[in-house]
Amino acid sequence: MTTEDTALVEKYLEYVRVEKRLATRTVELYALDLGKLGANATQAQVALRDVKNHHIRRWVAQMHSGGRSGRGIALILSGWRGFYTWLGRQGLVASNPVQDVRSPKAPKPLPKALGVDEAVQLADFESDDDAWLEARDAAMVELLYGSGLRVGELVGLDVVAGKDAKGWVDLQAAEAHVLGKGSKRRTVPVGAQALAALQRWL
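Conventions used here
Residues numbered from 1 in each chain as written. Predicted model: local features only at pLDDT ≥ 70, side-chain atom pairs only at ≥ 80, totals over all residues. Heavy atoms only, no water. Pairing = 2+ DSSP bridges. Helix = DSSP H or I, 4+ residues; strand = E, 2+ residues; numbered from the N terminus. Axes fitted to C-alpha atoms, helices over the stretch in contact; angles between N-to-C directions. Parallel < 35°, antiparallel > 145°, perpendicular 65-115°, else oblique. Left-handed = near helix turned anticlockwise from the far one by under 90°. Contact = heavy atoms within 4.5 Å. Nonpolar A, V, L, I, M, F, W, Y, C, P; charged D, E, K, R; others polar. Core = buried A, V, L, I, M, F, W, Y, C linked by side-chain atoms within 4.5 Å. Buried < 20%, exposed > 50% of the residue type's maximum accessible area, 1.4 Å probe, protein only. Patch = residues over 30% accessible without salt bridge, like charges linked within 9 Å, V, L, I, M, F, W, Y side chains within 5 Å. Areas by Shrake-Rupley, 256 points an atom, 1.4 Å probe, with all protein chains shown as cover. Salt bridge = Lys/Arg side-chain N within 4 Å of Asp/Glu carboxyl O. Lys, Arg positive; Asp, Glu negative; His and termini not counted. Charge placed at Lys NZ, Arg CZ, Asp CG, Glu CD. Arc of directions from axis to C-beta.

Asker: Can you walk me through the pairing of strand β4 (residues 185-189) in this structure?
Answerer: Across five bridges, the pairing between strand β3 (residues 175-179) and β4 is antiparallel. In the sheet register, glutamate 175 faces β4, and the bridge partner there is proline 189. In this antiparallel pair of consecutive strands, β3 and β4, the connection spans five residues, and glycine 182 shows a positive phi of 70°.

Shown next as structure tokens:
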């Protein structure tokens, strides 16, 4: 970093330490993140005050391809964004180059599926409860598995359509009408096994 850039970073760190009263560890992390920013700017041969949106996007892509997690990048961007917000208040930059930049989304791991033996064991499970409870549980499992329902959608089902029903099963059409995430309605098919299980429970 140039002498001017180093002075700006030091002033900002003093600001967050004294005026914002951030914890010592947080200030240290900010210093590390701004060190990365300075190294990137030096490599790009641009002063910190002259960094543009396309620079930030390129550096985010480099961090991501280098294996840094989306959460880690988000934390770094937060530090950079705060720095440029402060520079803007000082009248040293016209706009914040980090403002519209987002970190890559972290991949959501898929839930672990049951193994074949576990699925067979679940299907063949027999309880000592009365027949009504056993039929109810079997119908729930068949609907969850066969129709791909979420638990929240399953517990909102009724046996008939109605103004107060969050969802219902149409046995004739072999469909379930459910209220899903974001209060969005969707229709899913109900397979033969699930229909049979529902009929036994009813």
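Next comes the rest of the write-up.
Asker: Teacher, can you tell me more about unusual backbone geometry here?
Answerer: The phi angle of most residues is negative, glycine excepted, and most peptide bonds adopt the trans form. The phi angle at arginine 21 is positive, at roughly 55°, despite the residue not being glycine. In this model, glutamine 45 sits at a positive phi of 55°, which is unusual for a non-glycine residue. Inspection of the secondary structure puts glutamine 45 in the loop between α2 (24-43) and α3 (53-65).

Asker: Just to check I follow, could you spell out the packing of α3 against helix α4 (residues 70-89) for this structure?
Answerer: The axes of two packed helices give the description: the angle between them and the distance between them. Look at α3 against α4: their axes get within 11 Å of each other, and the N-to-C directions meet at 155°. Classified by the interaxial angle, the pair formed by α3 and α4 is roughly antiparallel. Crossing of α3 against α4: the hand is right-handed. When α3 is examined against α4, the residues Ile56, Trp59, Val60, Met63 and His64 are found in contact with a partner set consisting of Ile73, Ile76, Leu77 and Trp80. Of the residues that constitute the contact of α3 with α4, the class distribution is eight nonpolar, one polar and no charged.

Asker: Can you help me understand the nonpolar core in this one?
Answerer: Inside soluble globular proteins, nonpolar side chains tend to come together where they are buried. Counting residues in each nonpolar core, the largest one holds 29 residues, and the members touching the most others are Leu37, Ile56, Trp80, Phe83 and Tyr84. Elements with a contribution of two residues or more to this core: α1 (3-18), α2, α3 and α4. If one sorts the elements of this core by residue count, α4 sits on top with eight residues. Contact partners of tryptophan 80, with chain neighbours within four places excluded, come to Asp33, Leu34, Lys36, Leu37, Asn40, Ile56, Trp59, Met63 and Val98. With 14 residues, the next largest nonpolar core counts Leu157, Val178, Val188 and Ala194 among its residues.

Asker: I'm lost on a positive patch on the surface in this one. Help?
Answerer: A surface patch of like charges, here positive, comprises Arg102, Lys105, Lys108 and Lys181. With relative accessibility at 63%, the residue lysine 181 sits in the exposed group.

Asker: Explain the packing of helix α6 (residues 131-147) against helix α8 (residues 192-201) here, please?
Answerer: Closest axis-to-axis distance for the α6/α8 pair is 8 Å, and the angle between their directions is 155°. What the angle tells us is that α6 and α8 run roughly antiparallel. For the crossing formed where α6 meets α8, the hand is left-handed. Along the contact surface, α6 presents Trp132, Ala135, Arg136, Ala138, Ala139, Glu142 and Leu143, while α8 presents Gln193, Ala194, Ala197, Leu198, Arg200 and Trp201.

Asker: What's the story with α8 in this structure? I'm lost.
Answerer: Owing to its 3.6 residues per turn, the α-helix aligns residues three or four sequence positions apart on the same side. Turning to α8, its buried residues are Ala194, Leu195, Ala197 and Leu198. Relative to the axis of α8, the buried residues are bounded by an arc of 165° and lie together on one face. Within α8, the exposed residues directed more than 90 degrees away from the buried face are Ala192, Gln193 and Arg200. Taken together, the buried residues of α8 touch α6 and β2 (167-170).

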